[in-house]
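Analysis of the macromolecular model
Spelled out from the first residue to the last, the chains are:
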Amino acid sequence: MRLYCTSKGEVVPFEPGEVVTMYTCGITPYDATHFGHAATYLTYDVLQRRLRDRGHDTKCVRNITDVDDDLLRKARELGVHYLDLAAGEIARFDGDMEALGLIPSWSEPRATSAIADIRGFIGMVLDRGHAYTAGGSVYFDVGSWDRFGEVSHYDRDEMLAFAAERGGNVDDPNKRDPLDFVLWQPSAPDEPFWESLWGPGRPGWHIECSALALRELGTTIDLHGGGSDLIFPHHECESAQSEAATGEPFVRHWMHQAMVRMDGEKMSKSLGNLVFVSELRKEWDTRAIRLAAIAHHYRTPWEWDDEIMPTAAGRLDAWLAAGPGDGGLAEARAALDDDLDTPGAVAAIDAAAAAGRGVGDAAALLGVDLTA
RNA sequence: GCCUCCGUGGUCGAGUGGGAAGACGCCUGCCUGCAACGCAGGAGAUCACCGGUUCGAAUCCGGUCGGGGGCUCCA
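Our subject in this report is the structure included herewith.

Thresholds, definitions, all that
- Residues numbered from 1 in each chain as written.
- Chains lettered and ligands numbered in written order.
- Predicted model: local features only at pLDDT ≥ 70, side-chain atom pairs only at ≥ 80, totals over all residues.
- Heavy atoms only, no water.
- Salt bridge = Lys/Arg side-chain N within 4 Å of Asp/Glu carboxyl O.
- Helix = DSSP H or I, 4+ residues; strand = E, 2+ residues; numbered from the N terminus.
- Buried < 20%, exposed > 50% of the residue type's maximum accessible area, 1.4 Å probe, protein only.
- Phe/Tyr/Trp six-rings, centres within 6.5 Å; stacked < 30°, edge-to-face > 60°.
- Lys NZ or Arg CZ within 6 Å of the ring centre and 35° of its normal.
- Pairing = 2+ DSSP bridges.
- Right-handed = clockwise from strand over helix to strand, strands pointing away.

The full count for this structure, using the stated rule, is 28 salt bridges. In this structure, Glu89 and Arg92 form a salt bridge, with 3.4 Å as the shortest nitrogen-oxygen distance. Pair noted here: Glu89 and Arg92 are both in helix H3 (residues 82–99), with a separation of three residues, about one helical turn. Of the residues examined, Glu89 reaches a relative accessible area of 10% and is grouped as buried. Exposure remark for Arg92: the relative accessible area of 41% places this residue in the partly exposed category. The residue Arg215 makes a salt bridge to Asp117 at a minimum N-O spacing of 2.9 Å. Of this pair, Arg215 sits in helix H6 (residues 207–217) while Asp117 is found in helix H4 (residues 115–127), placing the two residues 98 residues apart along the sequence. Arg215 sits in the partly exposed class, given a relative accessible area of 36%. Assessed through its relative accessible area of 27%, Asp117 is described here as partly exposed. Through salt bridges that share partners, Arg50, Asp53, Arg54, Arg333 and Asp337 make up one connected network.

Laid out in structure tokens, this is it:
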């Protein structure tokens, strides 16, 4: 099987051992699951299905960021406790994912469950000399890490521009370098806090994923996934602090899902240009929602439009009419092994169905159950 | 979809209007017990495709196809 690796910048062989360890960044549960989320997790779902089809066992961790600036802000606006807000949204998210037929995560840990791990992890980074304390915060010392940039391949100016647009932290006077990032930070008066050696506070943005990946899967994981909007700074920082803490390679293969767009812009919570899975479920068969996503290649950004769902529903009807059988299965497998070419696999199944062959097996490989 | 960069012998890659460098790989010879290394020589490119400008296009312009990056946030 071959997959594009963000860090290597090309399609490379993906040849994990019998057990494949995967970590995909999950959601911050302060708003409903939208189609972009679904597209991302469906990509890793189809990847796992093909890996299992090839005889591997897969362990995919998907974390939940239940303490974070956005979540705390939204809870403050709504006047509810942040964990109550999170619990409701986690339930909706899990409901959406289950409805779409995703293989359950091997583990779905929450950031607040990992405070002890996070504190220990920060201690490891400090002990190895790659972090420093200042003003009640602990910062990662980017200047001590010459491999910073090996995931995203941005140059320093690009990194600074991206970091600066994220809310002014580059001007933090406690930082030795504007690109340094927070591992631990003091909480605002109305925010949750935990005791630590560096004073009461809460985790920085990136640290939970490093601590959880280490706790759940060990020092080196086979594949790390997430949306392409996480490449920088999130994954760059995650990689740096993980390798700084353990001294071992963190990730063998970086795989990123391209953004789904709408009205010419990224579909995102902050812009409000969203298509919610929960809304789509009211009108469409969940199998058609899955098909709508995987009819696009994970590495190609694409734009939502009103033809997406009718097209997918029509395809599902055609496959249902074709019924059980192994039509298109070999072609679908070959397509998935070629950089997870789900559009190619879908096209192969379309062709088999059009030729009058049953396609139940190939559809099942893509997670579409025609017997339901 | 939009913006942007790119597409040169098997591979990598220089070359921005006038002789298609170089590296690796490959072939032959010398060297060697045989090889490798080294040395000498050699083969291999209608410069993605179509059209245009020009005396002349890899190079400029338009289009097509293919690829990278971005489209700003936390999928």
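Scanning all chains against the criterion turns up twelve aromatic pairs. Measuring from centroid to centroid gives 5.6 Å for Tyr41 and Phe93, while their planes differ by 85°, and the two rings are edge-to-face. In this pair, Tyr41 sits in helix H1 (residues 35–53) while Phe93 sits in helix H3, placing the two residues 52 residues apart along the sequence. Here a set of aromatic residues connected by ring pairs shows up, and it is made of Phe140, Phe148, Tyr154, Phe162, Phe181 and Phe232. The aromatic ring of Tyr41 is capped on one face by Arg62, whose charged end is 5.1 Å from the ring centroid.

Burial within strand S7 (residues 181–185) is extensive, with five of its five residues counted as buried. As judged from the three bridges shared by strand S6 (residues 137–140) and S7, these two strands associate in the antiparallel manner. Looking at the pairing, Val138 lines up with Trp184 of S7.

With that settled, consider the pairing of strand S10 (residues 251–257). Most of S10 is tucked away, with six of its seven residues classed as buried. By the bridge criterion, six bridges tie strand S9 (residues 221–227) to S10 in an arrangement that is parallel. Bridged to Gly225 within S10 is Met255. Remark: the S9/helix H7 (residues 231–246)/S10 crossover connection has right-handed handedness.

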